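Okay, here's what each chain looks like letter by letter:
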Amino acid sequence: MKPRTFAAVAGCVLVLVGLAPAAAAKESRSLSVQGGVRFVPIGQTALAEAGSARYRGTLDIAPAPKGGLSMVNEIAFEDYLKGIAEVPGRWPAQALKAQAIAARTYVLWELGRGRSPEGRQLGYDICATVACQVYRGLDNESGPSGAAWADAVESTRSVAVTHGGKPILARYHSTSGGRTRNNEDVFTSEGPRPYLTAVDSPYEQASPLFKWSSRFQKSQLEQILAADKEVPLRGQLVDIRFVKHPDGSAKPNEVVITGSSGETTVRAATFSRVVSREAKKRWPDEFPPANPALPGARLPDAVPSSNMSFRIEGDAVVIDGSGWGHGVGMSQYGALGMAEEGIAAEEILKHFYRDTSVEKIAEPDQVRVGISTGAEKIVVQGSDEFRIESFDGKVIVERALGKYTVEPKARGSVSIRLPEGSDSDLVLSDLALSRSSVTQEVNELALTYAVSRPAVVSFEVRKVEGGEVVYSGEEKVVDPGTATAEWPVMRNDGRRPPSGEYALVLTARSPGGTREASVPFTLESAPDPETDGKSSAPLIILAGLGLVIGLAVAVTLIRRS
């Protein structure tokens, strides 16, 4: 049997009259602020860089020393950890816990050593990229596996890896290729660290980068090497080989490049970085190459790690390698494999970080994360109202809603462009209820409306008799102009509502006031033509003759005092 259908009476559209017309959009104005501006959430508001990520906590935007704007997110310490996106949330709980503890330990170590030179300039403790830890804000929590990652963070609250009672430099990487490396063999200027020593990582086979291969034409490598001073080629390429230094040698792996006019030796990590960058720039359709372990995907880089070997095959050079990342500390895929073997998070951490303890340790309330620098402009919006302040605490906008555009100005100041209509009262108008779409599975009613300024809009469907709420739509922030609220013709619990008299109640709220409109309609059942009337499907009857007849519209206007 085919599913029952919902259908609206064809051609019947109700245009609601009697509401004040939407005010004409005013030209948005700008404010100038010396120094920077701070966007402060009110209540549970989440702030967002428009078109990018959402964030808990405050957003500080200021002129960057090298031009453009910088943005820093000040956030509760544990909420920062929930925004880290270093491993998939679908991984086993013990692997997630190991990663959560390592990430917490890493940022505690960063806080303990003090800010980097750029951090001091821009006012942040830790960056949001792979140079520190990948941070994606609230979007990481709301992703498909966000709850599992948040649970790993919560269940390990305040737990860190320590050596001598202090947080360690908890370095980690994707895949070691079977064995990690000593810190001094990779980060030669730092020297050894007793807890960052080479260990076997025997459970990494699940990594799509456990083994990898890249194929270059000899002429391509010659172009790259001849043009870059970091990996110079002397003459024509004759041979190329990999030199792997043993653990504890305090020497990085190296690549020896033999040209027709001489030989050059460079760090393997430098070779990997330069060749990956230049190959992608020069031949973006070819590099990074396809990854056979992930159909349809490419390798992350043309040369993903500094653990490799070379084969010259005629006019081609094949680079075979293993792993991804610097290879020091915890292998994330190694941790995954250990967790799948039933090994607990604490033992995983003690395996990769030698001579350490896993214990509770004091942590700060807040952390400042450097999100971006050099942006030409930044657009900030919120899930609800927020406040805008100058860095000296002066309130610029007490109750803001909508999109605010910040741009740099001369002499260390910024301009803030306010959204259209932000200085006007809230007007809700131009409502129209119509059939939105009809299929055998879904039938939606769409209510089109207009607001004169940014507003938080929600709607409910209520029974006229008794006032029972059968459906509540989520609140959303809408910009000035026309928008649509859609009802999927079902209750919040997924059941179809029975026939009867209903009202769709739309509420718009903003700092300019609150407006509410109630739109009545009738929901009736009618025979399903495919079953000859033996069963019935709900039918929405939009009361009216022509476009509007017998329409009752209840409109409540509530202004702030």
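To keep things clear, this report deals only with the structure shown in the data block.

Turning to the overall build of the chain, a few remarks are in order. Along the backbone of the chain there are ten helices and 36 strands. Every one of the 561 residues in the chain was classed for burial, and the buried ones make up 50%. Of all intrachain contacts in the chain linking residues separated by at least 6 positions in sequence, the fraction that spans at least 24 positions is 67%. For the chain, the exposed area adds up to about 25,600 Å²; of that, 49% sits on carbon and sulfur atoms.

Moving on: the packing of helix α2 (residues 93–113) against helix α5 (residues 146–155). In helix packing, the relevant descriptors are the interaxial angle and the interaxial distance, both defined with respect to the helix axes. Interhelical geometry of α2 versus α5 gives an angle of 60° and a closest axis separation of 8 Å. Relative to α5, the element α2 is oriented oblique. Crossing of α2 over α5 shows right-handed handedness. Here α2 contributes Leu96, Lys97, Gln99, Ala100 and Arg104 to the contact with α5, which in turn contributes Ala148, Trp149, Ala152, Val153 and Ser155. For the contact of α2 with α5, the residue count by class is six nonpolar, two polar and two charged.

In total, this model carries one disulfide according to the counting rule given. Cysteine 127 shares a disulfide with cysteine 132; S-S distance 2.2 Å. Handedness here is read from the sign of the S-S torsion; for cysteine 127 and cysteine 132, about 115°, the answer is right-handed. The exposure class assigned to cysteine 127 is buried, which follows from its relative accessible area of 10%.

Let us look at the sheet that holds strand β16 (residues 262–267). Strand order across the open sheet formed by three strands is β14-β15-β16, with antiparallel pairing between neighbours. Looking along the sheet, the strands with just one partner apiece sit at the ends: β14 (237–243) and β16. Across the sheet, the mean angle from the axis of one strand to that of its neighbour is 15°, orientation sign disregarded. With six bridges connecting them, β14 and strand β15 (residues 254–259) associate as antiparallel partners.

Of the positions making up helix α10 (residues 345–352), those classed as buried are Ala345, Ile348, Leu349, His351 and Phe352. Here the buried residues of α10 occupy an arc of 160° about the axis, which is enough to place them on one side. Packing partners of the buried residues in α10 comprise α2, β10 (159–163), β19 (330–331), α9 (332–340) and β20 (357–360).

Conventions adopted
Residues numbered from 1 in each chain as written. Predicted model: local features only at pLDDT ≥ 70, side-chain atom pairs only at ≥ 80, totals over all residues. Heavy atoms only, no water. Helix = DSSP H or I, 4+ residues; strand = E, 2+ residues; numbered from the N terminus. Buried < 20%, exposed > 50% of the residue type's maximum accessible area, 1.4 Å probe, protein only. Contact = heavy atoms within 4.5 Å. Areas by Shrake-Rupley, 256 points an atom, 1.4 Å probe, with all protein chains shown as cover. Axes fitted to C-alpha atoms, helices over the stretch in contact; angles between N-to-C directions. Parallel < 35°, antiparallel > 145°, perpendicular 65-115°, else oblique. Left-handed = near helix turned anticlockwise from the far one by under 90°. Nonpolar A, V, L, I, M, F, W, Y, C, P; charged D, E, K, R; others polar. Disulfide = S-S within 2.5 Å. Pairing = 2+ DSSP bridges. Arc of directions from axis to C-beta.

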